[in-house]
Amino acid sequence: MGVKSSLSTKRHLPFRLILASASPARRELLERHGYSFEVLPANIDEPMEKGYAGPQSMVEHIAWLKAAAVSSRVDDGIILAADTVGWAKGQAIGKPADEADARHILRTLSGTAHELWTGVCLWRRPDDVQLSWQELSRVAMKPLSDPELDAYLATRTWQGCSGAYAIQEGSDPYVHVVQGSVSNVIGLPMESLNQRLAEFFVRK
């Protein structure tokens, strides 16, 4: 992920924060916003889109599954789990299985706009109070020529990324956000997370 700008203010939280994800992009976002946190990856098998009414219910449920998988390992603190998925033409756009799959996904998205949904779940231990929300961003991808597609695939930055791309903050040569936040596209909607973490801690 391209996360270039820096926020240096440290946040002194009155609770343990546990990130239920191995995503380097999510870790970098939290670090940039000054959070101290632990990492406990959920390591679950994520279900596909079948059985869900749409992308919003899909990311809501998978984020909850990730938080639930970690909850038994945390005695005290707030678990933060998230799931991000692209959505175009009524179908989920997940993480590419290999380069051929990434090529197919990028050809499908080339020259079009698509949705990017992130579901977030906060799970407080030991009282198991939970808070979930989902955010939408709309992303437009420029038409990609074959040489541009080959060059992008060669960077390998598509690996592990929903939609087979990793947006760069600032000026991305391939995609831009036309609605919603860039941090949501990266994998955590930091604007709403900053607000809701503080509110969630004091909620009884």
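Being a predicted model, the structure only gives us computed values, none of them experimental. (Residues numbered from 1 in each chain as written. Predicted model: local features only at pLDDT ≥ 70, side-chain atom pairs only at ≥ 80, totals over all residues. Heavy atoms only, no water.)

Novice: How should the overall build of the protein chain be read in this particular structure?
Specialist: The number of helices and strands found in the protein chain is six helices and seven strands. Starting at the N terminus and ending at the C terminus, the protein chain contains elements arranged as β-α-β-α-β-β-α-β-β-α-β-α-α. For a compact globule of 204 residues, the expected C-alpha radius of gyration is about 17 Å, and the protein chain comes in at 17 Å, within 12% of that figure. Along the three orthogonal principal directions, the C-alpha set of the protein chain runs to about 55 × 40 × 25 Å. Expressed as a percentage of the 204 residues in the protein chain, the buried residues total 48%. About 9900 Å² of surface is accessible on the protein chain, with carbon and sulfur atoms providing 51% of the total. Within the protein chain, the 24 negative side-chain charges are centred at a point lying 2 Å from the centre of the 22 positive side-chain charges. (Helix = DSSP H or I, 4+ residues; strand = E, 2+ residues; numbered from the N terminus. Rg over C-alpha atoms; globule rule 2.2 N^0.38 Å. Buried < 20%, exposed > 50% of the residue type's maximum accessible area, 1.4 Å probe, protein only. Areas by Shrake-Rupley, 256 points an atom, 1.4 Å probe, with all protein chains shown as cover. Lys, Arg positive; Asp, Glu negative; His and termini not counted. Charge placed at Lys NZ, Arg CZ, Asp CG, Glu CD.)

Novice: Any chance you could explain the layout of surface pockets here in plain terms?
Specialist: Any empty space left between the atoms is revealed when a probe the size of a water molecule rolls over them. By volume, the largest pocket is sized at about 1000 Å³. Lining the largest pocket are 45 residues, and of these Thr84, Gly94, Lys95, Cys161 and Ser162 lie nearest its centre. Taken together, the elements giving at least two residues each to the lining of the largest pocket come down to helix H1 (24-32), helix H2 (55-71), strand E3 (77-88), strand E4 (91-93), helix H3 (99-109) and helix H5 (182-186). Broken down by element, the residue count for the lining of the largest pocket peaks at five residues, all from H3. In terms of residue class, the lining of the largest pocket is built from 25 nonpolar, twelve polar and eight charged. (1 Å grid on protein atoms, 1.4 Å probe; cavity = no way out; pocket = protein on both sides within 12 Å on 5 of 7 lines; lining within 4 Å. Points joined across faces, edges and corners; volume = space filled by probe spheres on them. Nonpolar A, V, L, I, M, F, W, Y, C, P; charged D, E, K, R; others polar.)

Novice: Just to check I follow, could you spell out the pairing of strand E5 (residues 113-125) for this structure?
Specialist: The element E5 is largely enclosed, with a buried count of eleven among its 13 residues. Bridging between E3 and E5 involves eleven bridges; their strand directions are antiparallel. Residue pairing across strands places Gly77 opposite Arg125, the latter belonging to E5. For E5 and strand E6 (residues 129-141), the ladder comprises twelve bridges, and the chain directions are antiparallel. Following the sheet pairing, Ala113 is matched in E6 by Ala140. (Pairing = 2+ DSSP bridges.)

Novice: What's the story with unusual backbone geometry in this structure? I'm lost.
Specialist: Excluding glycine, most residues fall at negative phi; most peptide bonds, likewise, are trans. The amide bond that connects Arg125 to the next residue, Pro126, takes the cis arrangement and shows omega of 15°. Note on placement: Pro126 falls in the loop between E5 and E6. For Lys89, which is not glycine, the phi dihedral falls at a positive 55°. Within the element layout of this structure, Lys89 appears in the loop between E3 and E4. Residue classification places Lys89 among the exposed residues on the basis of a relative accessible area of 74%. In this structure, Asp128 takes a positive phi of about 60° despite not being glycine. Along the chain, Asp128 turns up in the loop between E5 and E6. Residue Asp128 is classed as partly exposed on the basis of its relative accessible area of 32%.

Novice: How should I be thinking about the packing of H3 against helix H4 (residues 146-155) in this particular structure?
Specialist: To describe two helices that pack against each other, one gives the angle between their axes and the distance between the axes. Running from amino to carboxyl end, H3 crosses H4 at an angle of 135°, the nearest separation of the two axes being 11 Å. Judged on the interaxial angle alone, H4 and H3 are oblique. For the crossing formed where H3 meets H4, the hand is right-handed. On H4, the residues touching Glu99, Ala102, Arg103, Leu106 and Arg107 of H3 are Asp146, Leu149, Asp150, Tyr152 and Leu153. (Axes fitted to C-alpha atoms, helices over the stretch in contact; angles between N-to-C directions. Parallel < 35°, antiparallel > 145°, perpendicular 65-115°, else oblique. Left-handed = near helix turned anticlockwise from the far one by under 90°. Contact = heavy atoms within 4.5 Å.)

Novice: Just to check I follow, could you spell out the packing of aromatic side chains for this structure?
Specialist: Here the distance between the centres and the angle between the planes together describe a pair of aromatic rings. Under the definition given, this model contains two aromatic pairs. Aromatic side chains Trp64 and Trp123 sit 5.8 Å apart centroid to centroid with 40° between the ring planes, which places their arrangement in the tilted category. Here Trp123 lies in strand E5 and Trp64 lies in helix H2, a separation of 59 residues in the sequence. With a centroid separation of 5.2 Å and an interplanar angle of 65°, the aromatic rings of Tyr152 and Tyr174 are classed as edge-to-face. With Tyr152 in helix H4 and Tyr174 in the loop between H4 and strand E7 (175-179), this residue pair connects regions lying 22 residues apart in the sequence. Judged by relative accessible area, Tyr152 falls into the buried class, the value being 9%. Among the residues examined, Tyr174 registers a relative accessible area of 22% and is labelled partly exposed. The ring of Phe200 has Arg124 sitting right over it, with the charged end atom 5.3 Å from the ring centre. (Phe/Tyr/Trp six-rings, centres within 6.5 Å; stacked < 30°, edge-to-face > 60°. Lys NZ or Arg CZ within 6 Å of the ring centre and 35° of its normal.)

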